[in-house]
Amino acid sequence: MICHRDLAFSTEIEQAFNAMPIPDKYNDHNVGKRVFYTTERKLKMKELDHHYGFKINDLSDKAKMNDFDLILQQQHIASRLVARWFQRKKSTGICSMNLVQERGYNNASEMEKRLAALSVRTDALLQDAGEELIGSTFVLINDIRYIDKSSGSAVIGGIVSAAIQTNNILNGSNTIGQDDLGTLIATYKGFNVKINTYLYQLVWDKDISSFFYNEIYTDTIDDRKKQNFENNRGKFTLIFLGMQESSGKDISFMGINESEPQVMVRKACQRALDENVANLQKNFDVFKIKSPLLAVAPLKCEIGKKEGITEKSRFEVLEAVEDDKGHIEYKRVGVIRPAKNLIWDNRFMAKEEKAEGAELGFTTFEKVSGKDFYPGMLIREIK
């Protein structure tokens, strides 16, 4: 997240962001620092229409880099992502395949495990799936700003609740009196955020993986390979895929206790970020998730409005097959669509606002084409 310290609600937004979990369809691959700070100035962003596919590493043309590219390069984010995949110990350089293999197994659907059991390569097939996940490592940079859409709000772009903070400091208290509470509630009345989310992908192709395994990977102490990693951090690469801007649409604060306005901030931020992630999935095939069918009579899957599903959505049903090289690939065997009025509202705090479908627990689908579906088959949204 990019935090603008001199803008309204910056502290509250930062706290809300730090409280947000990684989207539940993705593995948590954080590499430590989650928030970077800047003052409110115009961030140097190149024309995005010409920036798609731009690679960030030590060979990048700095004249073509934007501020976010520079952050990723200077913080060596790409090499840190790779190091985490292999649980590399900085003090010794020793690496491990445990996380790669574990995620390959955990990420596999029941269908893939069934296929692996029939394969002569058995568990190796699932471990390969973990190796393939490395190339599906993504970085999201979220530029989050407060926007005020209510003329009745107590502040418009100003410093938040300064009177309350000052009063508490003078009184040595962390509690909020009734008069102050009324001011604080009014302050949050028009609260909303705008999020620009920038999507990057880790490059893990044949060249970089061969270099890593031959020159860096070691399961014993090897000073040469340890130094190779430090000397070649800039060789690891991220590629810019695209950007998504949240709609800034109004958020319902129904079900939120007025004495907990910080929850309003969390809800507004979480809803806007979930909206962006869902739209990025729709726009970039490599970022799309595949979710398993829970049942087939009727068809059920644990995805919903948080993933941007509407009655117009369509999903392909995929069956995992083993190719002639022993790798898993996916074959479309049918198409399904959400059943009317049976879309799960799994957005943050949907139950508290008593949203329609919040109690469902899953979305029910109906068949458009195909047959012989079974639990564990994967579904993926199509355009």
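So, how was this worked out
Residues numbered from 1 in each chain as written. Predicted model: local features only at pLDDT ≥ 70, side-chain atom pairs only at ≥ 80, totals over all residues. Heavy atoms only, no water. Phe/Tyr/Trp six-rings, centres within 6.5 Å; stacked < 30°, edge-to-face > 60°. Helix = DSSP H or I, 4+ residues; strand = E, 2+ residues; numbered from the N terminus. Buried < 20%, exposed > 50% of the residue type's maximum accessible area, 1.4 Å probe, protein only. Polar contact = N/O pair within 3.5 Å; in protein donor to acceptor, adjacent residues only side chain to side chain. Contact = heavy atoms within 4.5 Å.

Caption draft 1: Quick look at the packing of aromatic side chains. A complete count under the given rule lists 16 aromatic pairs for this structure. Both rings, one in Phe 86 and one in Trp 204, keep their centres 5.9 Å apart while their planes meet at 35 degrees; by these two values the pair is tilted. Separated by 118 residues along the polypeptide, Phe 86 in the loop between α3 (77-85) and α4 (98-107) and Trp 204 in the loop between β5 (191-202) and α9 (206-215) bring together distant segments of the chain. Given the relative accessible area of 0%, Phe 86 is considered buried. Owing to a relative accessible area of 13%, Trp 204 belongs among the buried residues under this scheme. Between Phe 229 and Phe 236 the ring centres are 6.0 Å apart and the planes differ by 45 degrees, which places this aromatic pair in the tilted class. A relative accessible area of 0% places Phe 229 in the buried class. Here the aromatic cluster, defined as three or more aromatic residues joined through ring pairs, consists of Phe 86, Trp 204, Phe 212, Tyr 213, Tyr 217, Phe 229 and Phe 236.

Caption draft 2: Representation of helix α2 (residues 67-74) in the model. For α2, every residue scored as buried is listed here: Asp 67, Phe 68, Asp 69, Leu 72 and Gln 73. For α2, the N-terminal capping position is held by Asn 66, with its side-chain oxygen 2.9 Å away from the main-chain nitrogen of Phe 68. His 76 occupies a position one or two residues after α2 and carries a positive phi of about 50 degrees.

Caption draft 3: Region of interest: the environment of Met 20. Position of Met 20 relative to the elements: it lies in the loop between α1 (10-19) and β2 (36-38). On the accessibility criterion, Met 20 (4% relative accessible area) is buried. A sequence separation of 250 residues divides Met 20 from Gln 270, and the C-alpha atoms of the two residues are 7.0 Å apart. Residues contacting Met 20, with those up to four places away along its chain left out, are Arg 34, Arg 266, Cys 269, Gln 270 and Leu 273.

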